[in-house]
Amino acid sequence: MAERPKGFKRGIAAAALVIMAVLTVAAFIWRDDIMRNGLDPKEPFQTYDPPAAPDYSGRQAWALLPAQPQTVGPKDPPADVFFVSPTTYDGGAHWNAPIDDAKADRVFREVMAPNYAGPFVRVGRIFAPRYRQASLYSLTTLREDAREARQFAYGDVRDAFRWYLDQDNGGRPFVIVGVEQGGTLAARLLAEMVASDPALRARFAGAYLIETVVPADAPPVPTCVRPGQPGCLAAWASAYEGDPERAQTILDRSLIWRDGQLENLHGRVPVCFNPLLGATTDAAAPARLSLGAANASGLEWGARPAFLTRQVAARCEKGVLRVSRPRSPSLKPTGSWADRRKAAPYNLFYADLEADAKARVAALQAAPAPTKIDPPSP
């Protein structure tokens, strides 16, 4: 058999290189779709068998819980904090995470709790339920299955909050904190359980819904319009200055509650609380007002991180908190494709939130008790 000419071999090699280059480019262009597809449970939610429900009477159902939840010690802070975790479970096998998933629990302990529950350690005793959270995959698609997974997660958070109120609160002031997915679930708690209950409203110091969209024309409780105002809502979703794609994604793809269902924002403007000003306002806050950002990832629980002051300026624009890019390399996104789509592994407003929450709890405690008016005699 005659040997192939050298030109033919070079042509084959060149063609192979072109094919590899095309595949590489295609993989880069469609990398999000490829990664998402790998996390897709490949089963309709309607036929999905979810993991076992948590039993909130047991300590294993709580990611964070005081040593003696029903007993308040003399060194305990003056309030309680009910904390709803952001997403820590990527997906793949489940639409909703088992509460004992080891990797998801590690992400919570090492990243989410230190950075997002950490600012409230000196504000109140922390109660953070484990719940069958919707997977990261469900937050990257607007499929109906994904919405149902997120709606399903609310049932656990509602049950945990009821248990906390009935068994552990004991009439104390409380703060609700939710981040990302947890913020959306906490928004429904506010609407369905806090807003309509005068006894709870009297003890409600405030809510912080971080990286959470809430429609400004229908907040579940009044928004915080000044520092030190008790019983109000501080909610925001942020984008860095110079990142219009992220800002538009917030407006186009965020889901909000309506009649117990999740729906698109449909052009409504979100609540935009500025943590540097302690108010829902369009006023700009220069970086000199920043009390301290922090990267607390990996710190022992309860340890106070080093604060990085004057790292960011912030202003609200069309309902999105526009934040300047921080200078410190410890406040930069890191990690895998999945890591970068979860809540950031740092908190740009760590010290600001701590001070803000302390002031709202103090204001609630200083407010005069409501006067009870007896009904008129018949």
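Residues numbered from 1 in each chain as written. Predicted model: local features only at pLDDT ≥ 70, side-chain atom pairs only at ≥ 80, totals over all residues. Heavy atoms only, no water.

Draft legend 1. Examining the overall build of the protein chain more closely. Looking only at helices and strands, the protein chain has 8 helices and 13 strands in total. Sorting the 378 residues of the protein chain into buried and exposed places 50% on the buried side. Considering only residue pairs separated by 6 or more positions, the protein chain has 77% of its internal contacts joining residues 24 or more positions apart. Carbon and sulfur atoms provide 56% of the accessible area of the protein chain, an area that totals close to 18100 Å². (Helix = DSSP H or I, 4+ residues; strand = E, 2+ residues; numbered from the N terminus. Buried < 20%, exposed > 50% of the residue type's maximum accessible area, 1.4 Å probe, protein only. Contact = heavy atoms within 4.5 Å. Areas by Shrake-Rupley, 256 points an atom, 1.4 Å probe, with all protein chains shown as cover.)

Draft legend 2. Quick peek at the sheet that holds strand β13 (residues 320-323). Read from one edge of the open sheet, 3 strands run β7-β13-β12, paired in mixed fashion. Of all strands in the sheet, those bounded by a partner on one side alone are β7 (238-240) and β12 (314-317). Across the sheet, the mean angle from the axis of one strand to that of its neighbour is 35°, orientation sign disregarded. Bridge count between β7 and β13: 3 bridges; the pairing is parallel. Counterpart to serine 238 in the pairing with β13 is leucine 321. (Pairing = 2+ DSSP bridges. Axes fitted to C-alpha atoms, helices over the stretch in contact; angles between N-to-C directions.)

Draft legend 3. Structural view of the state of the cysteines. In total, this model carries 2 disulfides according to the counting rule given. Disulfide pairing places cysteine 272 opposite cysteine 316 at an S-S distance of 2.0 Å. Its S-S torsion of about -85° marks the bond between cysteine 272 and cysteine 316 as left-handed, since a negative value means left-handed. Of this pair, cysteine 272 sits in the loop between β9 (261-264) and β10 (273-274) while cysteine 316 sits in strand β12, and the two are 44 residues apart along the sequence. Of the residues examined, cysteine 316 reaches a relative accessible area of 7% and is grouped as buried. The connectivity of the disulfides in the protein chain is 1-2, 3-4, where the numbers refer to bonded cysteines in sequence order. (Disulfide = S-S within 2.5 Å.)

Draft legend 4. Looking closely at the nonpolar core. Within the largest apolar cluster, 45 residues are counted, with the highest numbers of intra-cluster contacts made by Phe83, Phe120, Leu348 and Phe349. Among the elements that take part in this core, helix α3 (residues 102-117) stands out by supplying 7 residues, more than any other. Beyond its immediate stretch of four places on either side in the chain, phenylalanine 349 contacts Trp236, Pro275, Leu276, Gly292, Val312, Leu321 and Val323. Membership of the second largest hydrophobic core comes to 35 residues, among which are Phe82, Tyr164, Leu165 and Leu185. (Core = buried A, V, L, I, M, F, W, Y, C linked by side-chain atoms within 4.5 Å.)

Draft legend 5. The arrangement of the layout of surface pockets in detail. In this model, the largest pocket occupies a volume close to 1800 Å³. The wall of the largest pocket is formed by 46 residues, among which Ser238, Arg246, Arg340, Arg341 and Lys342 lie closest to the centre. Every element with two or more residues in the lining of the largest pocket is listed here: α2 (31-39), α5 (181-194), β7 and α7 (244-253). Looking at the lining of the largest pocket, the element that brings in the most residues is α7, giving 5 residues. Residue composition of the lining of the largest pocket, grouped by class: 22 nonpolar, 10 polar and 14 charged. The space that makes up the second largest pocket amounts to roughly 260 Å³. If you go around the second largest pocket, you meet 18 residues; those closest to its centre are Ala187, Ala191, Ala218, Trp257 and Arg258. The set of elements that each furnish at least two residues to the lining of the second largest pocket consists of α5 and β8 (255-258). Looking at the lining of the second largest pocket, the element that brings in the most residues is α5, giving 5 residues. (1 Å grid on protein atoms, 1.4 Å probe; cavity = no way out; pocket = protein on both sides within 12 Å on 5 of 7 lines; lining within 4 Å. Points joined across faces, edges and corners; volume = space filled by probe spheres on them. Nonpolar A, V, L, I, M, F, W, Y, C, P; charged D, E, K, R; others polar.)

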